[in-house]
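# Tertiary structure, described
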Amino acid sequence: MKKNNGLTEGPDGLVYTARLPLSSATLNWLADLIRGHLRKVGSRWRALPAGKIAAIVLAVLRCDQRPGDLAGGNGVHRTTVSRWVREVVGLLAARAPRLDRALKKIARSGGGVVLLDGSLIRTRRRTGTETRKNYSGKHKCHGLLVIALTDDKGRLVWVSAVRPGRTSEITACRHDGLTAHLRAAGLGAIGDLGFVGLDDSGPDADPAVITGYKAARNKPLTRGQKLSNKALAAVRAPVEHGFAHLKNWRVLSKVRTDPKWATALVRALLVLTNREVAR
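The present account deals with the structure reproduced in this document. (Residues numbered from 1 in each chain as written. Predicted model: local features only at pLDDT ≥ 70, side-chain atom pairs only at ≥ 80, totals over all residues. Heavy atoms only, no water.)

### Considerations on the overall build of the chain
Stated precisely, the cut-off is as follows: Strands are runs of DSSP state E lasting at least two residues, helices are runs of H or I lasting at least four, and both sets are numbered from the N terminus onward. A simple rule labels every residue: compare its accessible area, found with a 1.4 Å probe on the protein chains alone, to the largest value its type can have, and call it buried under 20%, exposed over 50%, or partly exposed in between. Whether two residues are in contact is decided by their heavy atoms: any pair within 4.5 Å suffices. Per-residue and other accessible areas were derived by the Shrake-Rupley procedure at a 1.4 Å probe size, with only the shown protein chains allowed to occlude residues.
A tally of helices and strands in the chain yields ten helices and seven strands. Across its three principal axes, the chain shows a C-alpha extent of roughly 80 × 45 × 30 Å. Sorting the 279 residues of the chain into buried and exposed places 42% on the buried side. If you take every contact in the chain between residues at least 6 apart in sequence, the share linking residues at least 24 apart comes to 66%. When the accessible surface of the chain is summed, it comes to about 16700 Å², and 50% of that surface belongs to carbon and sulfur atoms.

Right, here's the structure in full:
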């Protein structure tokens, strides 16, 4: 019996050229990072040069291209492309800033506040009791929660580890000790109404997290409280731009891989996002 190893799409594989919406500076920087890693680990040979590997990895992250399609167009195996992606994501994630260092850097530059927000990264729905914790009752879908800090201009400075979608934003911040780090750096954070109650300091202490006012069922907001909420919303608007830059990487449109790997993925994309925004 003759074994048929042809492509599933047809007997002949068609290859096309597509534009990658990224700068050449980011590609060259990532290629240099891969070359340095190869020298460090003593890898003498790869199926493709470092520049080509960097382009393939960026295509997966930016455009959510299937590794099998990229492998067929470059004459390598699908598992090789997947291994390159995980390797490069690990290299980038190791360069992501830590919370304390990111806050101290802002404090040294003269900043006084950071912008705080959370977002849900959608995941493929999987069966089983282990994935029930990923269901978000707020968004009515499966996903992973990530908390981010930006400066007053909306540039991302830190992202948290991803947590199950059912986790509240306040719980995620308390796991990271966010308020303690803010007080240690002498900074304050501005958040939306989802962070009301995060800062449980005494009445005489300066608040580390500033939020708006929530209306109760029998206690509507006053005119002054509404104006305060409007002013805070205008100040914290740039944080939405930071998340928009992060979610331009289409690999986050719906995570198909192991959710445990999503933390490294988000932190790697933070590094690439800052490279693109700062160019």
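### Considerations on the pattern of salt bridges
The line we're drawing: Note on definitions: salt bridges are taken to be side-chain nitrogens of Lys or Arg within 4 Å of carboxyl oxygens of Asp or Glu.
Counted according to the given criterion, the structure contains ten salt bridges. The salt bridge involving Asp-69 is made with Arg-66; its shortest N-O contact spans 3.9 Å. The partly exposed category is assigned to Arg-66, whose relative accessible area is 49%. A salt bridge links Asp-151 to Arg-155, with the shortest nitrogen-to-oxygen separation between them at 2.8 Å. Within this structure, Asp-117, Asp-192, Arg-236 and Glu-240 form a network of salt bridges that share partners.

### Quick notes on the packing of aromatic side chains
Spelled out, the test is: In summary, the pairing rule links any two rings of Phe, Tyr or Trp, Trp by its six-membered ring, whose centres are within 6.5 Å, and it sorts them by plane angle into stacked for under 30 degrees, edge-to-face for over 60 and tilted for everything else. Throughout this description, the term charge over a ring refers to an Arg CZ or Lys NZ atom that lies within 6 Å of the ring centre and within 35 degrees of the ring normal.
Under the defined criterion, the tally for this structure stands at zero aromatic pairs. Here Arg-62 stacks its cationic end above the ring of Trp-249, 4.8 Å away from the centre of that ring. Taking NZ or CZ as reference, Arg-86 lies 4.5 Å from the ring centre of Trp-261, over its face.

### Points about helix α4 (residues 78-93)
Quick note on the threshold: To estimate how far a helix should reach, multiply one less than its number of residues by 1.5 Å.
Taking 1.5 Å as the rise per residue, α4 with 16 residues should run 22 Å; its terminal C-alpha atoms sit 23 Å apart, in good agreement. Taken residue by residue, α4 has Thr-80, Val-81, Trp-84, Val-85, Val-88, Val-89, Leu-91, Leu-92 and Ala-93 as its buried positions. Those residues of α4 that are buried are in contact with α1 (24-41), α2 (50-63), α3 (67-74) and α10 (262-277).

### What about the side chain of Ser-136?
Turning to its location among the elements, Ser-136 is positioned in strand β2 (residues 135-136). Ignoring any residue separated from it by four or fewer positions in sequence, one finds Ser-136 in contact with Leu-120, Cys-141, Gly-165 and Arg-166.

### Description of the nonpolar core
Put simply, the rule reads: To define a nonpolar core, start from buried Ala, Val, Leu, Ile, Met, Phe, Trp, Tyr and Cys residues and group those joined through side-chain atoms within 4.5 Å.
Within the largest apolar cluster, 50 residues are counted, with the highest numbers of intra-cluster contacts made by Leu-30, Leu-61, Leu-92, Leu-252 and Leu-269. Every element with two or more residues in this core is listed here: α1, α2, α3, α4, β3 (141-150), β4 (156-159), α9 (238-246) and α10. Examining the composition of this core, we find that nine residues originate from one element, α2, more than from any other. The contacts of Leu-61, once residues within four sequence positions are left out, are Val-89, Trp-249, Arg-250, Val-251, Leu-265, Leu-269 and Leu-272.

This is a description of form; function is not addressed.
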